[in-house]
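An overview of the molecular structure
Here is how the chains run, residue by residue.
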Amino acid sequence: MVKIGIMSFAHMHAYSYAACLKQLPNTTLGAVWGENPRRAKAAAKQFDTQYIRDINDFLEADIDGVIICSENVKHRAMVDVAASAGKWVLCEKPLAPKPAEARRMIRICNRAKVGLGTAFPCRYSPALIEARKQIQGGEFGDILAASCTNHGQFPGGWFADESLAGGGATMDHTVHVVDLLRWMLGREFTSVYCELGNQLHPEEISTDDLGSLHLEMEGGIQVSHLASWSRPKSFPTWGDVTIEFIGTQGVLNVDAFNQKVDVYSDAAMKTEWAYWGSNIDLGLVADFAKSIEEEREPSITGEDGLRAVEVTAAAYKSARTGKRVEI
Amino acid sequence: MNVAIVGCSGMGRLHAEMIARCGLNIVVCADANAEAAEALAATCGAEVSTQGKRALARKDVDIVLIATPTPFHLEYILAAAKAKKDIFCEKPFCRTVDECKKAIAAAKAAKVKLFVGHVVRYFQEFETLRAQIAEGKIGEPGFAKIYRGGIFPGGGKSWFANYKMSGGVTLDCMIHDLDWIRYVFGEPKRIFGQALMRGGDDPMDYAQVTMRMKNGLIATVIGTWAHPSGFRVKAEVCGSGGMVHFDSADAPLRAQKRDSASGPNMIVPGSPVAESPYELEWREFIAWLEGGPAPRVNAHDGLKAVQMAEAALTSIQTGHPVRL
Ligand SMILES: NC(=O)c1ccc[n+]([C@@H]2O[C@H](COP(=O)([O-])OP(=O)(O)OC[C@H]3O[C@@H](n4cnc5c(N)ncnc54)[C@H](O)[C@@H]3O)[C@@H](O)[C@H]2O)c1
């Protein structure tokens, strides 16, 4: 039985990971800690596990690994203490706002001889797995270009507080797609140009709520990516992950979460999409548990997290300087 | 009023139909390729010419429609202005901004009317998007994305595959959307672009462009001539209070023929309207010639659209953003 604890419920994905831990065989949610005691206590109750108030007590508890779901800027400090306590770590994305912090996290985990994983659950999406298989099987020839989106509704709270998130929508919604393209095409990113917008939630936030990125990958693959909180409250779902791949032998379109039933309910007075696709978090959490059992790195590593953070940081630099930035 | 058509294939044929619907008379069909001129002339009882400049200067011609490949627009505009004919020119206005300037100056000096066919301004779906935005349905707009394209026009041997002539998907096709974005959101500040522009027997182009407008709005435009088949347009605009979205794949007609040259799986969506946008541009143009108000798009707009496309092409070539 692999025992895993959760550190912080600041990021809503923590609730999904907790549910996965309960659902998977041979894993348990061993304990919960959080800087916000009330929120952590409520989560412990919801998932029927112990809440530990003191972080040192939590780290001494009988758990093998931790999933860290704090605000982005707090990831590094939590990884530090968890790794020093000998725990395997799965960290929510982005690994850290700054590449230097992500590098340090990798170093600390290496030194402590614990595994470090980055939460990129999209790699467990059956649609994306199938797309990768077809692309790598050469069914579309050489991939020359890709046009991507990761749109979302405005999540509110700390996500748009630069001092906690390290940025806005571009920080939040770039890393998934960057990681997917690296994973699917087996190439690294070499440059980025970025325009940042902040006109969609003018009253509420001061960070960017939209990033329009133009990137290049090794081999000259041309990529555009839209990272945004542009979906209005009335939108039928949270957002999307889409990629159009242009290959020498054809075009492949992925709309990763386009498995839904349209729901028209007078009670809601807006159209909603009921998702029936697979739970991608389950694969991510299962791999993490397995990596602990087998004492290996999680499949999606800290390095993967770092590579994505490097691209995001370069995008912000590009927006600041008005220039294309080499990565 | 009598019309001379110069350039008698794809767009020439389409315009001939619109011209007839508007009750105008086509007197001569001119094309460098005699067969093309003959084929079109036969459908409208017009005379045939392979000498466009001579044909358009005929006494009985009032209006010249220019539907040749883009790099020949200027010479026919100059010839038509010299002959004191009013001019309907397909987009892109000309191949370069410099050429556009010459064309405008010639029309002005000759006191002839010059119209550039940015037909997307007349498409009902785009007019509806514009109206919804103007009504405040999405609050203050902050972001727009337009996607347009499909199969490479005419294949590897057509003039479209000669990027020096056509400017690729960026100048030839995306220019529709660059113009519409400027129409609705005002002037651009800077532009960044990427494009494939692959040549050879099996040419492909795929352009990805972002414009920052003076009002802060970000517009990302994708143009494709990289698809194996079909044609599709998608547009979305997001604002502080909502979003509007359109996709041409959502159409009232979807035909799937068992026996089709393009293959059994080719689905062609159809979206018929009572008044074709191409007919609407002709009606506005004719009203203008008859003393009515100026059309919603003028030659200066045509120049500005070429300027945006040129800037995008410069960025595509240099890898750096271009300030306008
Ligand atoms: N508004 C739209 O929706 C739209 C769509 C497609 C094309 N266009 C534009 O319309 C113009 C024509 O495009 P098309 O698709 O009809 O091209 P096309 O290749 O189908 O037709 C061009 C015709 O011009 C003739 N031609 C070539 N050189 C000539 C010359 N020097 N003098 C006289 N005739 C000549 C060719 O023989 C051919 O018949 C282009 O500027 C294009 O960008 C507009």
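Residues numbered from 1 in each chain as written. Chains lettered and ligands numbered in written order. Predicted model: local features only at pLDDT ≥ 70, side-chain atom pairs only at ≥ 80, totals over all residues. Heavy atoms only, no water.

**A word on the site of the ligand**
All names here are of chain B. Short version of the rule: The cutoff for a nearby residue is simple: one of its non-hydrogen atoms must lie within 4 Å of the molecule or strand. Whenever two N or O atoms come within 3.5 Å, that pair is a polar contact, provided that in protein one can donate a hydrogen and the other can accept it, and provided that, for residues adjacent in sequence, both atoms are side-chain atoms. Note on areas: Shrake-Rupley with a 1.4 Å probe; residue coverage comes only from the protein chains shown. Think of it this way: any DSSP run of H or I at least four residues long counts as a helix, any run of E at least two long counts as a strand, and we number them from the N terminus. Residues are sorted three ways: Asp, Glu, Lys and Arg are charged, Ala, Val, Leu, Ile, Met, Phe, Trp, Tyr, Cys and Pro are nonpolar, and all the rest, Gly among them, are polar. Throughout, the edges of the domains are those of an automatic or database domain assignment.
Close to the ligand lie 24 residues, the nearest being Ser9, Met11, Asp31, Tyr76 and Asp172. Between His73 and the ligand, the recorded distance is 3.1 Å, taken from a side-chain N or O atom to an oxygen atom. Tyr278 is positioned with one of its side-chain polar atoms (N or O) 2.8 Å from an oxygen atom of the ligand. The protein chains hide 82% of the 850 Å² of surface that the ligand would expose on its own. Put simply, the parts of the chain that give the shell around the ligand at least two residues each are α1 (10-21) and α4 (73-82). Of the residues assigned to the shell around the ligand, the class counts are twelve nonpolar, eight polar and four charged. When residues of the shell around the ligand are assigned to domains, at least three map to each of domain 1 (2-117) and domain 2 (121-274 + 304-323).

**Focus on the domain arrangement of chain A**
All names here are of chain A. Selection criterion: Here, residues are in contact when the closest pair of their heavy atoms is within 4.5 Å. Note on terms: buried area is the combined drop in 1.4 Å-probe accessible area of two parts once they are placed together, counting the loss on both. Salt bridge, as used here: a side-chain nitrogen of Lys or Arg that lies within 4 Å of a carboxyl oxygen of Asp or Glu.
Domain boundaries in chain A define domain 1 (2-121 + 281-299) and domain 2 (123-278 + 309-326). Just the C-alpha atoms count here: the centres of domain 1 and domain 2 sit 25 Å apart. Each partner contributes to the interface: domain 1 provides 23 residues, whereas domain 2 provides 18 residues. For the pairing of domain 1 and domain 2, the buried interface totals around 1700 Å² over both sides, and the portion due to carbon and sulfur atoms is 66%. Counting the surface domain 1 buries against domain 2, the share from its top three residues, Lys93, Phe120 and Pro121, is 30%. One can count two salt bridges joining domain 1 with domain 2. Measuring nitrogen to oxygen at the nearest pair gives 3.0 Å for the salt bridge that ties Asp172 to Lys93. Counting across the domain 1 and domain 2 interface gives nine residue pairs in polar contact (both at pLDDT 80 or more). Looking at the side of domain 1 that touches domain 2, the elements that each hand over two or more residues are α5 (99-111) and α10 (280-293). A per-element tally of the side of domain 1 that touches domain 2 places α10 first, with three residues.

**Observations concerning helix α9 (residues 175-185) of chain B**
In an α-helix there are 3.6 residues to a turn, and that puts residues three or four apart on one side. Residues and elements named next belong to chain B. Counted only if it meets this: For the exposure calls, accessible area comes from a 1.4 Å probe over protein chains only, and a residue counts as buried if that area is under 20% of its type's maximum, exposed if over 50%, partly exposed in between.
Taking burial as the measure, the eleven residues of α9 include nine buried ones, the bulk of the element. Of all the residues in α9, the buried ones are Ile175, His176, Asp177, Leu178, Asp179, Trp180, Ile181, Arg182 and Phe185. Looking one or two residues past α9, Gly186 carries a phi angle of roughly 90°, positive in sign.

**Some remarks on the pattern of salt bridges**
Here the idea is simple: oppositely charged side chains can pair when their charged atoms come close. All names here are of chain A. Counted by the stated rule, this structure contains 39 salt bridges over all chains. Ionic pairing is found between Asp80 and Arg76, a salt bridge with its closest N-O pair at 3.1 Å. Here Arg76 and Asp80 lie together in helix α4 (residues 75-84), a separation of four residues that amounts to about one turn. With relative accessibility at 25%, the residue Arg76 sits in the partly exposed group.

**A short note on the environment of Asn162(B)**
Residues and elements named next belong to chain B. Structurally, Asn162 is set in the loop between β7 (141-151) and α7 (163-166). Judged by its relative accessible area of 36%, Asn162 is partly exposed. Sequence-wise, Asn162 and Gly136 are 26 residues apart; in three dimensions their C-alpha atoms are separated by 43 Å.

**Quick word on unusual backbone geometry**
One can expect most non-glycine residues to show negative phi and most peptide bonds to be in trans. Between Lys93(A) and Pro94(A) the backbone carries a cis peptide bond, its omega angle lying at -15°. In this chain, Lys91(B) is followed by Pro92(B) through a cis amide linkage whose omega measures -15°. Take Pro92(B): it is sitting in the loop between β5 (86-90) and α5 (97-110). Backbone geometry at Asn26(A) places phi at a positive 65°, although glycine is not the residue there. By the secondary structure assignment, Asn26(A) is in the loop between α1 (13-23) and β2 (27-33).

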